[in-house]
Amino acid sequence: CSRDWSSDVCSSDLQSQGGGAATPPAPAGNVNAALTRADVQKFVRVRREVQKAMGSSFTGVQQVWTDIQNGQNPNLFQMMTVLREVGGSVGAARQAQAAALSSENMSAERYAAVRSGVNRALGLPSIDFSQAAQALQSGQLPDLNRDVQTGTAQERALVQPFQQELTETVALGLLGL
């Protein structure tokens, strides 16, 4: 880890949860509040655990995201193939996400709001990833809106130390993670 404030986000810092399934805390306060450094650090730690749980099955999801970024709409067959390939891993990733959110004392709602802010800061299209995942799971092609909302200067500054890592893992959002 580097010596700046991003060093607070080492993977080893995230303590694993033993035993049963963890539940993220209930939302508290304004879940749509402006991003803070602590929010981004928590988000990065949670995202690392989710990616680790996805293992090698993350490659297919990354390819779909690359295709979308290149202006291609994946067809239903491609999407269903990816979902089939990641099937078991998604369950493990959701469990890892819940455990990490619990460990970080971050609600799923705040995580989603932070993910939106991070995506804006990265200059990503405002695709509703969770709705896209739900549409795919019900056998429908999702609406892959490519409108980009620019992040605020504060959001971009907070995300910048993690920009490469977060860009590499943004495809997890396609699965609602």
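Cut-offs and rules
- Residues numbered from 1 in each chain as written.
- Predicted model: local features only at pLDDT ≥ 70, side-chain atom pairs only at ≥ 80, totals over all residues.
- Heavy atoms only, no water.
- Helix = DSSP H or I, 4+ residues; strand = E, 2+ residues; numbered from the N terminus.
- Axes fitted to C-alpha atoms, helices over the stretch in contact; angles between N-to-C directions.
- Parallel < 35°, antiparallel > 145°, perpendicular 65-115°, else oblique.
- Left-handed = near helix turned anticlockwise from the far one by under 90°.
- Contact = heavy atoms within 4.5 Å.
- Nonpolar A, V, L, I, M, F, W, Y, C, P; charged D, E, K, R; others polar.
- Core = buried A, V, L, I, M, F, W, Y, C linked by side-chain atoms within 4.5 Å.
- Buried < 20%, exposed > 50% of the residue type's maximum accessible area, 1.4 Å probe, protein only.
- Salt bridge = Lys/Arg side-chain N within 4 Å of Asp/Glu carboxyl O.
- Expected span 1.5 Å × (residues − 1).
- Bend = angle between axes of the 7 residues up to and from the residue.
- Polar contact = N/O pair within 3.5 Å; in protein donor to acceptor, adjacent residues only side chain to side chain.
- Phe/Tyr/Trp six-rings, centres within 6.5 Å; stacked < 30°, edge-to-face > 60°.

Enquirer: Just checking my understanding: could you explain unusual backbone geometry for this structure?
Expert: One non-glycine residue, N105, lies in the positive phi region at around 55°. With respect to the helices, strands and loops of the structure, N105 is situated in the loop between helix 3 (76-104) and helix 4 (108-121).

Enquirer: Looking at this structure, I do not really get the packing of helix 2 (residues 58-69) against helix 3. What am I missing?
Expert: Close contact between helix 2 and helix 3 brings their axes to 8 Å; oriented N to C, the two are set at 155°. Put simply, helix 2 runs roughly antiparallel to helix 3. Our pair here, helix 2 against helix 3, has a crossing hand that is left-handed. Along the contact surface, helix 2 presents G60, V61 and V64, while helix 3 presents M79, V82 and V86. Classifying every residue of the contact of helix 2 with helix 3 by side-chain character gives five nonpolar, one polar and no charged.

Enquirer: Quick question: what am I supposed to make of the nonpolar core here?
Expert: Considering soluble globular proteins, one finds that nonpolar side chains tend to be buried as a cluster. Judged by nonpolar contacts, the single largest core of 37 residues is most densely connected at M54, V61, L166 and L175. Here this core takes eight residues from helix 3, the largest share from any one element.

Enquirer: Mind showing me how you'd approach the pattern of salt bridges here?
Expert: When their charged atoms lie close together, side chains carrying opposite charge are able to pair. Applying the stated criterion across every chain yields a total of five salt bridges. Linking D39 and R110 is a salt bridge whose minimum nitrogen-to-oxygen distance equals 2.3 Å. With D39 in helix 1 (residues 37-54) and R110 in helix 4, this pair connects stretches of sequence that are 71 residues apart. Under the relative-accessibility criterion, D39 is labelled buried at 10%. Residue R110 is classed as buried on the basis of its relative accessible area of 10%.

Enquirer: Can you walk me through helix 3 in this structure?
Expert: Compared with the 42 Å implied by 1.5 Å per residue over 29 residues, the 36 Å span of helix 3 between its first and last C-alpha is markedly short. A bend of about 60° at G87 is the largest found in helix 3. Residue N105 follows helix 3 closely and has a positive phi angle near 55°.

Enquirer: Please explain the side chain of S107 as it appears in this structure.
Expert: You can see S107 is positioned in the loop between helix 3 and helix 4. We classify S107 as buried; its relative accessible area is 4%. A distance of 3.0 Å separates the side chain of S107 from the backbone nitrogen of R110, its partner in a polar contact. Setting aside chain neighbours within four positions, we find S107 in contact with P25, A26, P27, V31 and L101.

Enquirer: Which parts of the structure should I look at to understand the packing of aromatic side chains?
Expert: Any aromatic ring pair is given by two values, namely how distant the centres are and how the planes are angled relative to each other. In total, this model carries one aromatic pair according to the counting rule given. Taking 4.9 Å as the distance between ring centres and 25° as the angle between the ring planes, the aromatic pair formed by F43 and Y111 counts as stacked. Pair noted here: F43 is in helix 1 and Y111 is in helix 4, with a separation of 68 residues, a long-range link. Here F43 matches Y111 in class, with each residue buried.

Enquirer: What is the right way to look at helix 2 in this model?
Expert: Look at helix 2: 17 Å from first C-alpha to last across 12 residues, which is about the 16 Å you get at 1.5 Å a residue. Residues of helix 2 that are buried: F58, G60, V61, V64, W65, D67 and I68. Looking one or two residues past helix 2, G71 carries a phi angle of roughly 85°, positive in sign.

Enquirer: Even after reading the chapter, I still don't get the environment of L177, so can you show me in this structure?
Expert: Mapped onto the elements, L177 comes out in the segment after helix 7 (163-169). A relative accessible area of 0% means that L177 is categorised as buried. Distance in space between the C-alpha atoms of L177 and A96 is 9.9 Å, their sequence separation being 81 residues. When residues no more than four places from it in sequence are discounted, the contact partners of L177 are R47, V50, M54, A93, R94, Q97, Y111, R115 and L172.

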